[in-house]
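Overview (structure and organization)
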Amino acid sequence: MNELLQALTTADKICKQANTHYVKAAQLEQQGNTLAESIKKAKTKWIIVGVVIWAIGSFIGRVFVGIPVVGTVISAVFSIGSIYLGYRVGSTRYKKEQESVNSEIAKLQAQIEKEKGYAQQIFDDHVEELAFLPVDYWYPMATEYLMKVIQAKRANTLGEAIDKFEEQLHRWKIEEANAQMIAQQQQQTAHLASIKTSS
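In short, a report on the structure.

What counts, and at which threshold
- Residues numbered from 1 in each chain as written.
- Predicted model: local features only at pLDDT ≥ 70, side-chain atom pairs only at ≥ 80, totals over all residues.
- Heavy atoms only, no water.
- Helix = DSSP H or I, 4+ residues; strand = E, 2+ residues; numbered from the N terminus.
- Expected span 1.5 Å × (residues − 1).
- Buried < 20%, exposed > 50% of the residue type's maximum accessible area, 1.4 Å probe, protein only.
- Contact = heavy atoms within 4.5 Å.
- Patch = residues over 30% accessible without salt bridge, like charges linked within 9 Å, V, L, I, M, F, W, Y side chains within 5 Å.
- Areas by Shrake-Rupley, 256 points an atom, 1.4 Å probe, with all protein chains shown as cover.
- Salt bridge = Lys/Arg side-chain N within 4 Å of Asp/Glu carboxyl O.
- Lys, Arg positive; Asp, Glu negative; His and termini not counted.
- Charge placed at Lys NZ, Arg CZ, Asp CG, Glu CD.
- Polar contact = N/O pair within 3.5 Å; in protein donor to acceptor, adjacent residues only side chain to side chain.
- Axes fitted to C-alpha atoms, helices over the stretch in contact; angles between N-to-C directions.
- Parallel < 35°, antiparallel > 145°, perpendicular 65-115°, else oblique.
- Left-handed = near helix turned anticlockwise from the far one by under 90°.
- Phe/Tyr/Trp six-rings, centres within 6.5 Å; stacked < 30°, edge-to-face > 60°.

**Focus on helix α5 (residues 158–198)**
Across its 41 residues, α5 extends 59 Å between first and last C-alpha, which sits within 8% of the 60 Å expected from 1.5 Å per residue. Taken residue by residue, α5 has Leu-158, Ala-161, Ile-162, Phe-165, Gln-168 and Leu-169 as its buried positions. Structurally, α5 contributes buried residues whose contacts are with α1 (2–63) and α4 (140–151).

Next up, the structure:
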């Protein structure tokens, strides 16, 4: 049993070391998602800027309408010019911002691949030390639980420890599903109560 516990302790350290890189990759992916969302907001912002430029130009053009003969021409030039200027400014600034964000996303993607590569390299370097453990359990929550079960003498073999982990994992999933169901029912009850008080 001491050999198994020692092997699980080593596996736990290896998995936690690799997991730090996976966590970093997940954080970088979240940053990429945030940047992608910012592009959508930037498009709206630059459309609004373009419309404002057009409105200001059109307003200035209307000032010249009162001038005989050339006033209408000047007004039309201002209106058409402001439409073009508004489109040009808005689309140009949006494209520059989009290129900048896409460049940042590409850099993040490279960092994500690098972090995942580091994690994979850790596993590759320690494959012999992890060979006793099925690949499905090469993550910190599993190795830590298996280690604790063996330490507490609730299991004598790896197979027994894995069975206990699977049972616990099943309980956690049921608890999570129940918690979601309770939260949903509480929301429905609150909604019904608000409908009842408003009528």
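Once you've had a look at it, read on.
**Some details on a negative patch on the surface**
On the surface, a cluster of negative charge is contributed by Asp-136, Glu-160, Asp-163, Glu-166 and Glu-167. Its location among the elements puts Asp-136 in the loop between α3 (127–130) and α4.

**Observations regarding the side chain of Ser-82**
Residue placement: Ser-82 occurs in helix α2 (residues 70–125). Looking at Ser-82, its side chain comes within polar contact range of the main-chain oxygen of Trp-54, at 3.2 Å. Not counting the four nearest positions on each side in its chain, Ser-82 is found in contact with Ile-53, Trp-54, Gly-57 and Ser-58.

**Some points on the packing of α4 against α5**
The contact between α4 and α5 brings their axes to 9 Å, and the two run at 120°. Looking at the two axes, α4 sits oblique to α5. Crossing of α4 against α5: the hand is right-handed. Contacts between α4 and α5 involve Met-141, Ala-142, Tyr-145, Leu-146, Val-149 and Ile-150 from the former and Leu-158, Ala-161, Ile-162, Lys-164, Phe-165, Gln-168, Leu-169 and Trp-172 from the latter.

**Re the packing of aromatic side chains**
Tallied over the full model, the rule gives five aromatic pairs. Relative to Phe-165, the ring of Tyr-145 lies with its centre 5.5 Å away and its plane at 50°, an arrangement referred to as tilted. With Tyr-145 in helix α4 and Phe-165 in helix α5, this pair connects stretches of sequence that are 20 residues apart. In this structure Tyr-145 comes out as buried when scored by relative accessible area, which is 13%. A network of ring pairs unites the aromatic residues Tyr-137, Tyr-139, Tyr-145, Phe-165 and Trp-172 as a single cluster.

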